[in-house]
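Given next are the chains, with one letter for each unit.
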Amino acid sequence: MNPTALMIMLLSLAIGTTMTLMSHHWLLAWIGLEINTLAIIPMMTKTPHPRAIEAATKYFLTQASASALILFSATMNAWKTGEWSITLLSDPYTITLSMALMMKLGLAPLHFWLPEVIQGIPLSTGLILSTWQKIAPMTLLLQISHLTDLKLLITMGLTSILIGGWGGINQTQLRKVMAFSSIGHLGWMVLILKFNPQLTLFNFLLYLTMTAAMFFSLMSISSTKISEISSSWPKSPILVTTMMLVLLSLAGLPPLTGFSPKLLIILELAKQNTLLLASVTMLASLLALFFYLRLTYVMILTLPPHIPPSSTHWRTTKNSPLTAAMTTLALLIFPLSPTFLLII
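Residues numbered from 1 in each chain as written. Predicted model: local features only at pLDDT ≥ 70, side-chain atom pairs only at ≥ 80, totals over all residues. Heavy atoms only, no water.

By the naming in an unreviewed UniProt entry, the chain is NADH-ubiquinone oxidoreductase chain 2, taken from Nanorana sichuanensis. Its UniProt record, at the heading Sequence similarities (unreviewed entry), says of the chain: "Belongs to the complex I subunit 2 family." Here the chain is described in UniProt, under the heading Catalytic activity (unreviewed entry), as follows: "a ubiquinone + NADH + 5 H(+)(in) = a ubiquinol + NAD(+) + 4 H(+)(out)". (UniProt positions renumbered as here; feature names shortened; annotations may be inferred.)

Caption draft 1: Quick peek at the UniProt feature "domain: NADH:quinone oxidoreductase/Mrp antiporter transmembrane" (unreviewed entry) in the chain. Mapped onto this structure's residue numbering, the UniProt feature "domain: NADH:quinone oxidoreductase/Mrp antiporter transmembrane" (unreviewed entry) falls at residues 23-287. For residues 23-287, helix accounts for 75% and strand for 0%, while the C-alpha atoms at its two ends are 38 Å apart. (Helix = DSSP H or I, 4+ residues; strand = E, 2+ residues; numbered from the N terminus.)

Caption draft 2: Representation of the domain arrangement of the chain in the model. In terms of domains, the chain is made up of domain 1 (1-133) and domain 2 (149-343). Placing the centre of domain 1 and that of domain 2 at their C-alpha centroids yields a distance of 23 Å. Its largest share of buried area at the contact with domain 2, domain 1 owes to Q119, L123 and L127, together 29% of the area lost on that side. Remark: the boundary between domain 1 and domain 2 carries one salt bridge. Close ionic contact of K176 with E116 constitutes a salt bridge, the shortest N to O distance being 3.3 Å. Residue composition of the side of domain 1 that touches domain 2, grouped by class: 15 nonpolar, eight polar and one charged. (Domains from an automatic or database assignment. Buried area = accessible area lost by both parts, 1.4 Å probe. Salt bridge = Lys/Arg side-chain N within 4 Å of Asp/Glu carboxyl O. Nonpolar A, V, L, I, M, F, W, Y, C, P; charged D, E, K, R; others polar.)

Caption draft 3: A look at the packing of helix α3 (residues 50-81) against helix α4 (residues 91-105). At their nearest, the axes of α3 and α4 sit 9 Å apart, and the two run at 160 degrees to each other. Relative to α4, α3 is oriented roughly antiparallel. The handedness of the crossing between α3 and α4 is left-handed. Across from T62, Q63, S65, A66, S67, L69, I70, S73, A74, M76, N77 and K80 in α3, the residues of α4 making contact are P92, Y93, T96, L97, A100, L101, M103 and K104. Residue composition of the contact of α3 with α4, grouped by class: 11 nonpolar, seven polar and two charged. (Axes fitted to C-alpha atoms, helices over the stretch in contact; angles between N-to-C directions. Parallel < 35°, antiparallel > 145°, perpendicular 65-115°, else oblique. Left-handed = near helix turned anticlockwise from the far one by under 90°. Contact = heavy atoms within 4.5 Å.)

Caption draft 4: Region of the structure containing helix α10 (residues 197-221). Taking 1.5 Å of rise per residue, 25 residues should cover 36 Å, and α10 covers 37 Å from first to last C-alpha, within 8% of that figure. In terms of residue burial, α10 counts as a mostly covered element, since 20 of its 25 residues are buried. (Expected span 1.5 Å × (residues − 1). Buried < 20%, exposed > 50% of the residue type's maximum accessible area, 1.4 Å probe, protein only.)

Caption draft 5: Region of interest: the environment of L218. Positionally, L218 belongs in helix α10. Distance from L218 to P237, taken between C-alpha atoms, is 14 Å for residues 19 residues apart in sequence. Beyond its immediate stretch of four places on either side in the chain, L218 contacts L123, L174, M178, S223, I229 and M243.

Caption draft 6: Inspection of the pattern of salt bridges at higher detail. In this structure the tally under the stated criterion is three salt bridges. In this structure, K271 engages E268 in a salt bridge whose closest nitrogen and oxygen atoms are separated by 3.7 Å. Of the two residues, K271 and E268 are both situated in helix α13 (residues 259-271); the distance of three residues between them amounts to about one turn of the helix. Look at E268 and you get buried, because its relative accessible area is 9%.

Caption draft 7: Structural detail: the packing of helix α2 (residues 26-44) against α3. Remark: α2 packs on α3, axes separated minimally by 10 Å, with the N-to-C direction vectors making an angle of 175 degrees. Regarding the angle of α2 to α3, the classification is roughly antiparallel. Each of W26, L27, W30, L33, E34, T37, L38, I40, I41 and M44 in α2 lies in contact with α3, whose residues at this interface are A52, A56, Y59, F60, Q63, S67, I70, L71 and A74. Partitioning the contact of α2 with α3 into residue classes produces 15 nonpolar, three polar and one charged.

Caption draft 8: Quick peek at the nonpolar core. M214, L218 and I229 are the most contacted members of the largest nonpolar core, which has 49 residues in total. Of the residues forming this core, the biggest block, 11 residues, is contributed by α10. With residues up to four places along the chain from it excluded, the contact list for M214 reads M178, M243, V246, L247 and L250. Counting 30 residues, the second-largest nonpolar core is a separate cluster that includes L97, L101, M138 and L193. (Core = buried A, V, L, I, M, F, W, Y, C linked by side-chain atoms within 4.5 Å.)

Caption draft 9: Layout of the confidence of the model for the chain. Taken over all residues, the pLDDT of the chain has a mean of 88, while the share at 70 or more is 94%. Taken together, the stretch residues 306-313 has pLDDT below 50 and engages in two contacts with residues farther than four places along the chain or on a different chain. (pLDDT = per-residue confidence, 0-100.)

Caption draft 10: Just the environment of S181, in detail. Along the chain, S181 falls in helix α9 (residues 174-191). S181 sits 111 residues away from Y292 along the chain, and the two C-alpha atoms are 9.1 Å apart. The residues contacting S181, other than those within four sequence positions of it, are L250 and Y292.

If you want it as structure tokens, here you go:
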């Protein structure tokens, strides 16, 4: 893509997200979401491939449907209450707005577009879609969390955790694995949203850090399939080792960064006397743990594929300081978790 066009798209993404973050008015928030949607579509189609065009079309239709639902619900709410304020919602429209925002985020059962879209776009655009594009809808969801129905949040959260774990088990494409990982993590955030919004925000920030670290590592070794990372160990052992640790962090194993949000969420659920919900959540997360450990096993313990040396595609790794910084944060924030929670 032309560097000037790429700069315009990235600037539009920044403007759209900033507009949504700073708005107290539903119409301005909707405009920010629309700018975000329109800015990323050219980045999806920078490789003129039928799969990329299909992914961009699916993304546009899904986001347009969710945006229309947001606009119609906000208009009807303003007609009923006389105000466009984000935090002033009447009862019927709170559920429709929450569902539209969850559709934009890709929560189950409104998740069907997310794995297919991420699979059809480059890793760099998948990084933006999995991290930056989720900031604006999550911020709006946090602002209306006190008005959202608790049963809806628990149902969507548990469904997302189950679908995120179940869907990722049988995947061979790394981008689809990251898509289902995103669905599962968003389920944890939505589950605790009504009880403790600050904990949801903390979990979201750590999710952004760990997902960005994983995508940067995959971009460094140019891998999109599990069969490709199985032969990456001899070429870049340090990077593959850190990738393994980031995967374990995403799985939520101690003492890595990803353990702190899961521990705090389970403790908060226990504090709210929802022990059955906490138990079901922990059992459902074992599905996701399985495919993370499977990926780790493939990366470290599997021998290189038995192919002739002449057909081996050697590639140089493109390590960057940003990859190192994000990986460090994705692995070592756990001791600083109380400090971050106090700041939030």
